[in-house]
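Geometric and topological summary
These are the residues of each chain, in order.
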Amino acid sequence: MAKFRAEGGGGHVGTDVKNAIMTGVSYMLPFVIAGAVIMGIARIGASMYGIDNIWDNSHAQAASQIVKLLHQFDGFGGLALSLMLPIVAGYISFALANKPGIAPGMIGGLLASNLGTGFIGALVAGFVAGYIVRWMVRFIKLPRALASAGPIFILPVGGTLLTCIIMAFVVGTPLAALNRGMEAWLMTMSGTNKILLAAVIGGMVGFDLGGPVNKAAVTTAMALLASGIYDPNTAAQVAIIIPPIGLGVATLLWKKRFPESLREAGKASTLMGLIGVSEGAIPFALSNPKIIVINVVGSALGAAMAVGLGAVNHAPISGFYGWLAVDGWPVYVLSIAAGSAVVAFGSLLVFRHGDTETVSKPAASAAPKFKVNRQ
């Protein structure tokens, strides 16, 4: 008889977690950058035709061939961004469990996306998949003749099934309930002090950068927009872009504070912020979750300032191509600048000189190796 045995995998948990997150981020970035740039091209081009919702399906039947093409471009960009959560989850799992962890991680990340749990759910999926596969490698015993079936059959199938069960029945339901609760709570606040409401919405948008808390705030703001209530939308659209712009600017001003991978992410983050994509700040939040507090403060301040000083954004557009259409646009732009400055300077409290991280490859201690032992 023979058995699988995991060699290694005994590294420090904190190191494993950090390396896994940064590995996931390093593989995710090209998808995010490609998607954001293509969407930016589409939306800037559409603004020249006076179109502020080029993503709407009605433009697929537009009379202008250029408008049709821009609509398709926006779809291409959205398709690239839709791969972000599966990729980050898959390569977090890869860093922990090597190649057998990729399929369970990616499928778990896709499920997290479908469940509406955002990037937090994708992180959970990646770690769940990685540690499940690592555990399976360590404890599953097979006859020597079947040893080769482990990495290509047993681990992907078993790891995927167990990861999906945990995501669907343990993680998904609580986060979905949280999402619905946030929406209901915001709806009840629509008649209260508008500055407080703007600060709450701004803080929620800046909290998880496209996750369930962010989605609850943005969805509710858009629902109120349809009812002619504009302050929540103004707050949300300001807050969406403050973290990526602030962190992107910080990497330009204080390069030595950031590791090389985040300097590169900062270039994309600035562009993504300008075109209205908050996910540009995700690599920074994954690298050091303390920055989430700074993002919340900066987003809340900018949102409250815009609403309190009388700016009104009538459309669900956060990118720079829509700023001049905002009532009181100088105040609107000033509020974005103020919130971004808070995030940029606040990042100095979080990121220190000499911060480094390991990316792209799983740590040697974290990658299980397969070995057949004779008994």
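Model, not experiment: these values are computed from the prediction. (Residues numbered from 1 in each chain as written. Predicted model: local features only at pLDDT ≥ 70, side-chain atom pairs only at ≥ 80, totals over all residues. Heavy atoms only, no water.)

**A look at the overall build of the chain**
On a plain count of helices and strands, the chain comes out with 13 helices and two strands. Within the chain, the proportion of its 375 residues that are buried is 53%. Sequence-distant contacts in the chain: of pairs separated by 6 or more residues, those separated by 24 or more amount to 77%. For the chain, the accessible area works out to roughly 16100 Å², and carbon and sulfur atoms hold 68% of it. (Helix = DSSP H or I, 4+ residues; strand = E, 2+ residues; numbered from the N terminus. Buried < 20%, exposed > 50% of the residue type's maximum accessible area, 1.4 Å probe, protein only. Contact = heavy atoms within 4.5 Å. Areas by Shrake-Rupley, 256 points an atom, 1.4 Å probe, with all protein chains shown as cover.)

**A few points about the pattern of salt bridges**
Enumeration over the complete set of coordinates arrives at three salt bridges. As a salt-bridge pair, glutamate 260 and arginine 263 come within 3.1 Å of each other at their nearest N and O atoms. A residue pair is termed a helical-turn pair when its members lie 3 or 4 positions apart in one helix, as glutamate 260 and arginine 263 do in helix 10 (residues 260–274) at three residues. (Salt bridge = Lys/Arg side-chain N within 4 Å of Asp/Glu carboxyl O.)

**Here's the deal with the UniProt feature "transmembrane region" (unreviewed entry) in the chain**
Per the UniProt annotation, the sites labelled "transmembrane region" (unreviewed entry) are residues 20–42, 76–97, 109–133, 145–172, 184–206, 236–254, 292–312 and 332–351. Secondary structure across residues 236–254 divides into 95% helix and 0% strand, with the first and last C-alpha atoms of the span separated by 28 Å. As annotated, residues 332–351 comprises 95% helix and 0% strand, and the C-alpha atoms at either end are separated by 29 Å. (UniProt positions renumbered as here; feature names shortened; annotations may be inferred.)

**A short note on helix 13 (residues 329–350)**
Three or four residues apart is the spacing at which side chains of an α-helix point the same way, because the helix has 3.6 residues per turn. Under the 1.5 Å per step criterion, the end-to-end length of helix 13 is 32 Å for 22 residues, consistent within 8% with the ideal 32 Å. Among all positions in helix 13, only Tyr332, Ser335, Ile336, Gly339, Ser340, Val343, Ala344, Gly346, Ser347, Leu348 and Val350 are buried. In the core, the buried residues of helix 13 are packed alongside helix 9 (231–253) and helix 12 (291–308). (Expected span 1.5 Å × (residues − 1).)

**Comments concerning the layout of surface pockets**
Empty space among the atoms becomes visible once a probe the size of a water molecule is rolled across them. What the largest pocket holds in volume is close to 910 Å³. If you trace the largest pocket, you find 35 residues lining it, with Gly210, Asn214, Lys215, Gly276 and Glu279 closest to the centre. Of all the elements in the fold, those that place two or more residues in the lining of the largest pocket are helix 1 (13–47), helix 2 (65–82), helix 3 (84–97), helix 5 (118–139), helix 8 (212–226) and helix 9. Top contributing element to the lining of the largest pocket by residue count: helix 8, with six residues. When grouped by side-chain class, the residues that make up the lining of the largest pocket number 17 nonpolar, 15 polar and three charged. Of the voids in this model, the second largest pocket is the one considered here, and its volume is about 180 Å³. Every residue lining the second largest pocket is listed: Ser47, Gly50, Ile51, Asp52, Asn313, His314, Ala315, Ile317, Tyr321, Gly322, Ala325 and Val326. Of the residues contributing to the lining of the second largest pocket, the split by class is six nonpolar, five polar and one charged. (1 Å grid on protein atoms, 1.4 Å probe; cavity = no way out; pocket = protein on both sides within 12 Å on 5 of 7 lines; lining within 4 Å. Points joined across faces, edges and corners; volume = space filled by probe spheres on them. Nonpolar A, V, L, I, M, F, W, Y, C, P; charged D, E, K, R; others polar.)

**Overview of the environment of proline 104**
Examined against the element boundaries, proline 104 turns out to sit in helix 4 (residues 102–115). Taking the C-alpha atoms as reference, proline 104 lies 8.1 Å from glycine 126; in sequence the two are 22 residues apart. Residue contacts for proline 104: discarding those within four places in its chain leaves Ala129, Val133, Leu155, Pro156, Gly159, Thr160 and Thr163.

**Considering unusual backbone geometry**
Look at asparagine 98: it is not a glycine, yet its phi comes out positive at around 65°. Given a relative accessible area of 24%, asparagine 98 falls into the partly exposed group.

**Some details on the packing of aromatic side chains**
All chains considered together, the criterion is met by 10 aromatic pairs. Summarising the aromatic geometry, the rings of tyrosine 27 and phenylalanine 94 are spaced 6.4 Å apart at their centres and angled 90° between planes, so their arrangement reads as edge-to-face. With tyrosine 27 in helix 1 and phenylalanine 94 in helix 3, this pair connects stretches of sequence that are 67 residues apart. Taking the centre distance of 6.1 Å and the plane angle of 40° together, the rings of phenylalanine 73 and phenylalanine 76 count as tilted. Residue phenylalanine 73 and its partner phenylalanine 76 are located together in helix 2, separated by three residues, close to a single helical turn. Residue phenylalanine 76 is classed as partly exposed on the basis of its relative accessible area, which comes to 47%. Through pairs of rings, three or more aromatic residues link up here, namely Tyr27, Tyr91 and Phe94. (Phe/Tyr/Trp six-rings, centres within 6.5 Å; stacked < 30°, edge-to-face > 60°.)

**Overview of the side chain of serine 278**
Relative to the elements of secondary structure, serine 278 occurs in the loop between helix 10 and helix 11 (282–287). Apart from the residues lying within four places of it in its own chain, the contact partners of serine 278 are Leu209, Gly210, Asn214, Ile240 and Pro244.

**What to know about the environment of phenylalanine 351**
As for its placement among the helices and strands, phenylalanine 351 is situated in the loop between helix 13 and strand 2 (372–374). For phenylalanine 351 and proline 259, which are 92 residues apart along the polypeptide, the C-alpha to C-alpha distance reads 9.1 Å. Those residues within four positions of phenylalanine 351 in sequence are excluded, and the remaining contacts are Arg257, Phe258, Leu262, Phe284, Ser287, Asn288 and Ile291.

**Examining the nonpolar core**
Grouped together as the largest cluster of nonpolar side chains are 79 residues, with contacts concentrated most on Val205, Phe284, Leu286 and Ile291. Sequence-distant contacts of isoleucine 291, that is, excluding residues within four places in its chain, are made with Leu247, Phe284, Ala285, Ser347, Val350 and Phe351. Counting residues in hydrophobic clusters, the runner-up holds seven residues, among them Val128, Ile132, Val133 and Val137. (Core = buried A, V, L, I, M, F, W, Y, C linked by side-chain atoms within 4.5 Å.)

**Describing the packing of helix 1 against helix 2**
For the pair helix 1 and helix 2, the least separation of the axes is 7 Å and the interaxial angle reads 160°. Looking at the two axes, helix 1 sits roughly antiparallel to helix 2. For helix 1 against helix 2, the interelement crossing comes out left-handed. The segment helix 1 lies against helix 2, with Phe31, Val32, Gly35, Ala36, Ile38, Met39, Ile41, Ala42, Arg43, Gly45 and Ala46 engaging Leu70, Phe73, Asp74, Phe76, Gly77, Gly78, Ala80 and Leu81. In terms of residue class, the contact of helix 1 with helix 2 is built from 13 nonpolar, four polar and two charged. (Axes fitted to C-alpha atoms, helices over the stretch in contact; angles between N-to-C directions. Parallel < 35°, antiparallel > 145°, perpendicular 65-115°, else oblique. Left-handed = near helix turned anticlockwise from the far one by under 90°.)

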